[in-house]
Amino acid sequence: MSKTPEGNFFEDFKLGQIFEHATPRTITEGESALYIALTGARHIAHCSEPVAKSLGYRARPIDDLLAFHIAFAKTVPDISVNAVANLGYADVRFLSPVYVGDTISTTSTVIGLKQNSSNKNGIVYVSSVASNQQHQEVLRWVRWVSVIKKNPDAPAPVTHIPELPANVAVADLSIPPFLNARNFNTIVTGGSFLWDDYRVGERINHPAGMTVDSSDHTLATKLYQNNARLHFDELAMRNTAFNTRLMYGGHVISVCRALSYDGLENVLSILAINAGTHCNPSFGGDTLYAWTDILEKYDFPGREDIGALRLRLVGLKNLPAAELQATHIDNNGKPAYQANVVLDLDYTVLMPRRLRNP
Amino acid sequence: MSKTPEGNFFEDFKLGQIFEHATPRTITEGESALYIALTGARHIAHCSEPVAKSLGYRARPIDDLLAFHIAFAKTVPDISVNAVANLGYADVRFLSPVYVGDTISTTSTVIGLKQNSSNKNGIVYVSSVASNQQHQEVLRWVRWVSVIKKNPDAPAPVTHIPELPANVAVADLSIPPFLNARNFNTIVTGGSFLWDDYRVGERINHPAGMTVDSSDHTLATKLYQNNARLHFDELAMRNTAFNTRLMYGGHVISVCRALSYDGLENVLSILAINAGTHCNPSFGGDTLYAWTDILEKYDFPGREDIGALRLRLVGLKNLPAAELQATHIDNNGKPAYQANVVLDLDYTVLMPRRLRNP
Amino acid sequence: MSKTPEGNFFEDFKLGQIFEHATPRTITEGESALYIALTGARHIAHCSEPVAKSLGYRARPIDDLLAFHIAFAKTVPDISVNAVANLGYADVRFLSPVYVGDTISTTSTVIGLKQNSSNKNGIVYVSSVASNQQHQEVLRWVRWVSVIKKNPDAPAPVTHIPELPANVAVADLSIPPFLNARNFNTIVTGGSFLWDDYRVGERINHPAGMTVDSSDHTLATKLYQNNARLHFDELAMRNTAFNTRLMYGGHVISVCRALSYDGLENVLSILAINAGTHCNPSFGGDTLYAWTDILEKYDFPGREDIGALRLRLVGLKNLPAAELQATHIDNNGKPAYQANVVLDLDYTVLMPRRLRNP
């Protein structure tokens, strides 16, 4: 009996199946510092212990996306080792801060299955939950991936496609109850614009660009302990259409979010990712750029100090944000992403409001 | 008098000479996180504080090989600055866990000398001991290196070749007395095979490959504070047969061990390295692969919960493990390592057993 | 109104203007470990908790230059986003150790302005102060940069050039009052030379070289949160005379200082940077070398245990230190730096003395 795991194929997944994923991970100052070095992240709640405490956190929370990538990576060996495509994310909720010293575990449940007409693969929908060492849920999300069948003759499961929200409803956003932004001082971020200053429909072309070398994206992906092989094995990738190691899409999100700091300095945390698409692959040597569209604004009853912004973060490779005409082109009558577009992310963030009665 | 150290040449070493090496090093969460990013390591005792504590550790121990590389690096300025070849390791014993916050110092004793027939260099055998801040031994090992003579006319020392064990005897393995694997749950590792499931003679071809870029191996080697120049000075290396910076052999061990996770998920710690050879050099851009042979199985009186496996870890560059026919080829009548083989390591690990009376 | 900051142009700066810079940063073990990996630093006070405590520090201080780069980086968004050249540093004083867990903030005051004759840009002199979370000053420095004008027709300010000391006077050096090097043991550094052993006029050619890859310098610069774009955006840099990402000059200082360990092992800390020039640009792939000239020696009343050395650290790219004839060449009758010289730094360090009455 072979000792090396093959991973699960499409026919191995059953509706309702539960996976308790391996490698609970204690996250430390080391991970936090590396995340800054790998992405250039500057969001203040993750950088400054005194500022975090002044906002009500008991300590600095680790960066939301660092927590997400580590929690997500745990699902790879069980869910997506044999995936041919990571099709999408939905209903990603950031439920509670993750602090230095916390240990994160992830479990997943199969919530949907649909064999493709080719019989060669099928779509697996999983709902995943990450918890800390006190069994407190810190993150949950749904993703769906196209997984190959090992045996094309294996019978197709009953098709079940879960209902997924187009975006996380305001009522489902987890505002930390302890958070108090009444005394927030924009000097700590260098950005003077608050929730009140953004208008729906506004576009922000983030001016900076970030070239990501192969070492950068592979170091990041190893840090997250995401062991999907196509990120690491250059020799094997030479025999694929990609011709080189593929950059982990989550790292693209992280770099684009770090680039979005200029223009969105006062974002305190991510509340939700509503939807996300990796439109085109990124590789070592690509220079990433980003823009943000303001999609919606939410306020919360009884909270004069904070509001939320629903944002569309578009990531581009090798083309500054201001230079793209449109994200989509016509592809034989159907819209398709323009070749420079690598990320189309719909997410919701928390931002302090301008106080009326300070 | 020159302020810059030349290091020791073969004629400088005396049998019985003792070196107290520089740079006691405090090892932190930072080093641990970087080690994961640099190698993709996933062994559970080093990743999860709650799991480590459930096994009886007082905290997460740092990765065995991270401790080894840092302890080993301290010997470089005194022992191997003028080495032309790192000939071998033997009798490497992991005596006690190293925890975050521990400070490691290393001392070495010259235990053997043999001038080569060319008179140009000679072999120096050193026994090294690494201790923590409480003067507790955490690691010991023997290595031997070929060191050049500065003055070829310097008289040869009396030849003394130490007796070295072919492998660390079972009685010499240090099983942490506090370790208790009775409640070990394989869910945390994702691997279902325990000590009982491996058979002597079995081969495990680890499926993953890892491309190591120049930044990766030089960052790792600087982290270990191993300052042997051939790893860092590209300009100088252009004038050598290597033509580029040489990857530190210890980092090759680390990457191959990380690759060996798939198929050996339940290894808890390294108990010993019995022997090790860097068969061919590795360079930035090489993709590493590995296989493991099960050489021996040991059980311990009174320990139903754990056993040891003696393993042969073979590292390959630019050739997947399953594709190699044999490690050795015929070289004019003598066996020589095939050009893709970079590592041949004989080591012993600890693994939980399947409990009979759980 | 644009949400993305343009940064300040020359005409935006006013004499006496004060900036409270963004992103107070908590510095951790993570940053310290990364700094070692990125530079190969080995100075003992930053590496070993027991040695630091034996010297009187309450814990290991973080590396002086790591603190400097992080403190310095905070000034970039306000001061030098629109800089065309970083002209110099002066009067850099290391006032108090920075410890793991400290949070550093920086403020700057405009102390000089001089429009260039072209009317296209001007020189801005700023005095910056970095403080910890207890409002204790840990670092202060002056730098001057050439900043472009947005509107060439904007009126020139009154020229004011501050008086700057050629070097930080002995009386202005901050010797930590708690520091006690009476029991310093050179075994921990591996270097036997103390303050007494260096003579003014002596040159030390540091033997090692360090190749810095693109990932290394961009990871370092992101770690410091220095977001000057010319270090990161390969695509944009292709359209400049540099043709590639420019290495952050501060990282060049760090690598050269790490190289200077061999020959200056017993330096305990940096007291001051008297002057500094980035003579030529460095890029990913360059191999750096360094030499040190001993410029001056200072002793301190009542301190038998320590003295200071004023040093000139010359950094070279792609040429070993011993191979350079002269730092300057004749450029049409004027001296100019030879093309391999990348750094000319005048700084002052603390070193234990040989005790007379131990």
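The structure we're discussing is the one just above.
Predicted model only: the values in this text are computed from it and were never measured.

Caption draft 1: Spatial organisation of the overall build of chain A. Helix and strand content of chain A: 8 helices and 13 strands. Over its C-alpha atoms chain A spans a radius of gyration of 20 Å, differing by no more than 12% from the 21 Å that the globule rule assigns to 358 residues. C-alpha extents for chain A along the principal axes are approximately 70 × 50 × 35 Å. Split into buried and exposed, the 358 residues of chain A put 63% on the buried side. For chain A, the accessible surface area stands at approximately 12,800 Å², while carbon and sulfur atoms represent 50% of it.

Caption draft 2: Expanded view of unusual backbone geometry. Residues and elements named next belong to chain B. Positive phi, normally seen in glycine, also occurs at H135, with a value near 60°. Within the fold, H135 resides in the loop between β5 (121–131) and β6 (137–148). The residue N332 is not glycine, and still its phi comes out positive at about 55°. Here N332 lies in the loop between β12 (328–331) and β13 (334–337).

Caption draft 3: Up close: the interface of chain B and chain A. Contacts between chain B and chain A engage 47 residues on the former and 33 residues on the latter. Counting the surface lost from both chain B and chain A, the interface buries some 3,000 Å², and carbon and sulfur atoms represent 60% of this. In terms of surface lost to chain A, no three residues of chain B exceed A37, R42 and F193 of chain B, which account for 18% of the buried area on that side. Where chain B touches chain A, the interface holds 3 salt bridges. One salt bridge connects R245 of chain A with D213 of chain B, and the closest N-O pair in it is separated by 3.1 Å. Across the contact surface, chain B and chain A share 13 residue pairs in polar contact (both at pLDDT 80 or more). When contributions to the side of chain B that touches chain A are tallied by element, the ones reaching two or more residues are α1 (29–39), α2 (44–47), α3 (49–54), β7 (203–205), β8 (210–211), α6 (214–223) and β10 (287–300) of chain B. Of all the elements, α1 of chain B adds the most residues to the side of chain B that touches chain A, at 8 residues. Grouping the amino acids of the side of chain B that touches chain A by side-chain chemistry returns 23 nonpolar, 14 polar and 10 charged.

Caption draft 4: Structural detail: the side chain of E265 of chain A. Of note, E265 of chain A is situated in the loop between α8 (249–259) and β8 (269–278). A distance of 3.1 Å separates a polar side-chain atom of E265 of chain A from the backbone nitrogen of G263 of chain A. Residues in contact with E265 of chain A, not counting those within four places in the same chain, are T189 and G191 of chain A together with P5 of chain C.

Caption draft 5: Representation of the packing of aromatic side chains within the structure. Residues and elements named next belong to chain A. This model, assessed by the stated rule, comprises 36 aromatic pairs over all chains. Both rings, one in F68 and one in W141, keep their centres 5.4 Å apart while their planes meet at 70°; by these two values the pair is edge-to-face. Of the two residues, F68 is situated in helix α4 (residues 64–73) and W141 in strand β6 (residues 137–148); the sequence distance between them amounts to 73 residues. A single burial state applies to F68 and to W141, both of which are buried. Feature note: the residues F68, F72, Y89, F94, W141, Y224 and Y248 constitute an aromatic cluster, connected by ring pairs.

Caption draft 6: Looking closely at the pattern of salt bridges. Within the structure shown, the criterion is met by 72 salt bridges over all chains. One salt bridge connects D344 of chain A with R312 of chain A, and the closest N-O pair in it is separated by 2.8 Å. With D344 of chain A in strand β13 (residues 341–352) and R312 of chain A in strand β10 (residues 303–317), this residue pair connects regions lying 32 residues apart in the sequence. Each member of the pair D344 of chain A and R312 of chain A is classed as buried. As a salt-bridge pair, K150 of chain B and E6 of chain B come within 2.8 Å of each other at their nearest N and O atoms. With K150 of chain B in the loop between β6 and β7 and E6 of chain B in the segment before β1 (18–20), this residue pair connects regions lying 144 residues apart in the sequence. Taking the relative accessible area as the measure of exposure, E6 of chain B reaches 45% and is therefore partly exposed. Overlapping salt bridges bring together E29, E49, K53 and R60 of chain A as one network.

Caption draft 7: Looking closely at the relation of the copies chain B and chain C. The transform that puts chain B on chain C rotates by 120° and translates by 0.0 Å along the axis, for an RMSD of 0.0 Å. Taken together, the rotation and translation describe the operation of a three-fold axis. Every residue of chain B has its C-alpha some distance from the rotation axis, and the shortest such distance is that of G30 of chain B, at 2.2 Å. The fraction of interface residues of chain B whose copies in chain C are also interface residues is only 12%, indicating that the copies meet through different surfaces.

Caption draft 8: Representation of the nonpolar core. Membership of the largest hydrophobic core comes to 186 residues, with the highest contact counts inside it found for L139 and Y224 of chain A, L139 and Y224 of chain B together with L139 and Y224 of chain C. Sequence-distant contacts of Y224 of chain B, that is, excluding residues within four places in its chain, are made with R25, Y35, L66, H69, I70, A73, Y248, H251 and S254 of chain B.

Caption draft 9: A look at the interface of chain B and chain C. In this complex, chain B contributes 33 residues to the contact, which on the side of chain C involves 47 residues. Together, the buried faces of chain B and chain C total about 3,000 Å²; carbon and sulfur atoms form 60% of this surface. Across the contact surface, chain B and chain C share 3 salt bridges. Its salt-bridge partner being E202 of chain C, residue K3 of chain B comes within 2.6 Å of it at the nearest N-O pair. Only β2 (25–26), α1, α6 and α7 (234–237) of chain B provide two or more residues apiece to the side of chain B that touches chain C. Among the residues making up the side of chain B that touches chain C, the classes are represented as 10 nonpolar, 14 polar and 9 charged.

Caption draft 10: Here's a closer look at the relation of the copies chain B and chain A. Superposing chain B onto chain A takes a rotation of 120° combined with a translation of 0.0 Å along the rotation axis, leaving an RMSD of 0.0 Å. Residue by residue, only 9% of the interface of chain B is reproduced at the interface of chain A, so the copies engage with different surfaces.

Caption draft 11: Here's a closer look at the state of the cysteines. All names here are of chain C. Applying the stated criterion across every chain, the model contains 0 disulfides over all chains. With no disulfide of its own, C279 lies 10.0 Å from the sulfur of C256, the closest cysteine sulfur. For C279, a relative accessible area of 16% corresponds to the buried category.

Caption draft 12: The arrangement of the side chain of T39 of chain A in detail. Residue placement: T39 of chain A occurs in helix α1 (residues 29–39). Within the local environment of T39 of chain A, its side chain forms a polar contact with the backbone oxygen of Y35 of chain A, the two atoms lying 2.6 Å apart. For T39 of chain A, the residues in contact, after removing those within four places along its chain, are M210, H251, S254 and A258 of chain A together with K222 of chain C.

Caption draft 13: A look at the pairing of strand β3 (residues 83–94) of chain A. Residue and element names in this part refer to chain A. Two elements, β3 and β6, share 8 bridges in a ladder whose sense is antiparallel. Residue pairing across strands places G88 opposite W144, the latter belonging to β6. In terms of strand pairing, β3 meets β8 through 4 bridges, oriented antiparallel. Bridge assignment links Y89 to a residue of β8, and that residue is G276.

Caption draft 14: Representation of the environment of V341 of chain A within the structure. Residue and element names in this part refer to chain A. By the element assignment, V341 lies in strand β13. The exposure class assigned to V341 is buried, which follows from its relative accessible area of 0%. The spatial distance from the C-alpha of V341 to the C-alpha of V138 is 31 Å, given a sequence separation of 203 residues. In this view, V341 contacts C279, N280, V314, G315, L316, L324 and T327; residues no more than four positions away in its chain are not counted.

Caption draft 15: Local environment of the packing of α1 of chain B against helix α8 (residues 249–259) of chain B. Residue and element names in this part refer to chain B. Packing of α1 against α8 leaves a shortest axis separation of 9 Å and a crossing angle of 75°. Classified by the angle their axes make, α1 and α8 are roughly perpendicular. Every residue of α8 that contacts α1 at Y35, L38 and T39 is listed here: H251, S254 and A258. Across the contact of α1 with α8, the residue classes break down as 3 nonpolar, 3 polar and no charged.

Caption draft 16: Just α1 of chain B, in detail. Residues and elements named next belong to chain B. The buried fraction of α1 amounts to 10 of the 11 residues, a majority that puts the element mostly inside the structure. When α1 is considered as a whole, its buried residues turn out to be G30, E31, S32, A33, L34, Y35, I36, A37, L38 and T39. A distance of 2.9 Å separates the backbone nitrogen of G30 from a side-chain oxygen at the start of α1, and that oxygen is part of T28. Just downstream of α1 lies G40, where phi reads positive at about 75°.

So, how was this worked out
- Residues numbered from 1 in each chain as written.
- Chains lettered and ligands numbered in written order.
- Predicted model: local features only at pLDDT ≥ 70, side-chain atom pairs only at ≥ 80, totals over all residues.
- Heavy atoms only, no water.
- Helix = DSSP H or I, 4+ residues; strand = E, 2+ residues; numbered from the N terminus.
- Rg over C-alpha atoms; globule rule 2.2 N^0.38 Å.
- Buried < 20%, exposed > 50% of the residue type's maximum accessible area, 1.4 Å probe, protein only.
- Areas by Shrake-Rupley, 256 points an atom, 1.4 Å probe, with all protein chains shown as cover.
- Contact = heavy atoms within 4.5 Å.
- Buried area = accessible area lost by both parts, 1.4 Å probe.
- Salt bridge = Lys/Arg side-chain N within 4 Å of Asp/Glu carboxyl O.
- Polar contact = N/O pair within 3.5 Å; in protein donor to acceptor, adjacent residues only side chain to side chain.
- Nonpolar A, V, L, I, M, F, W, Y, C, P; charged D, E, K, R; others polar.
- Phe/Tyr/Trp six-rings, centres within 6.5 Å; stacked < 30°, edge-to-face > 60°.
- Least-squares fit on C-alpha atoms with pLDDT ≥ 70 in both.
- Core = buried A, V, L, I, M, F, W, Y, C linked by side-chain atoms within 4.5 Å.
- Disulfide = S-S within 2.5 Å.
- Pairing = 2+ DSSP bridges.
- Axes fitted to C-alpha atoms, helices over the stretch in contact; angles between N-to-C directions.
- Parallel < 35°, antiparallel > 145°, perpendicular 65-115°, else oblique.

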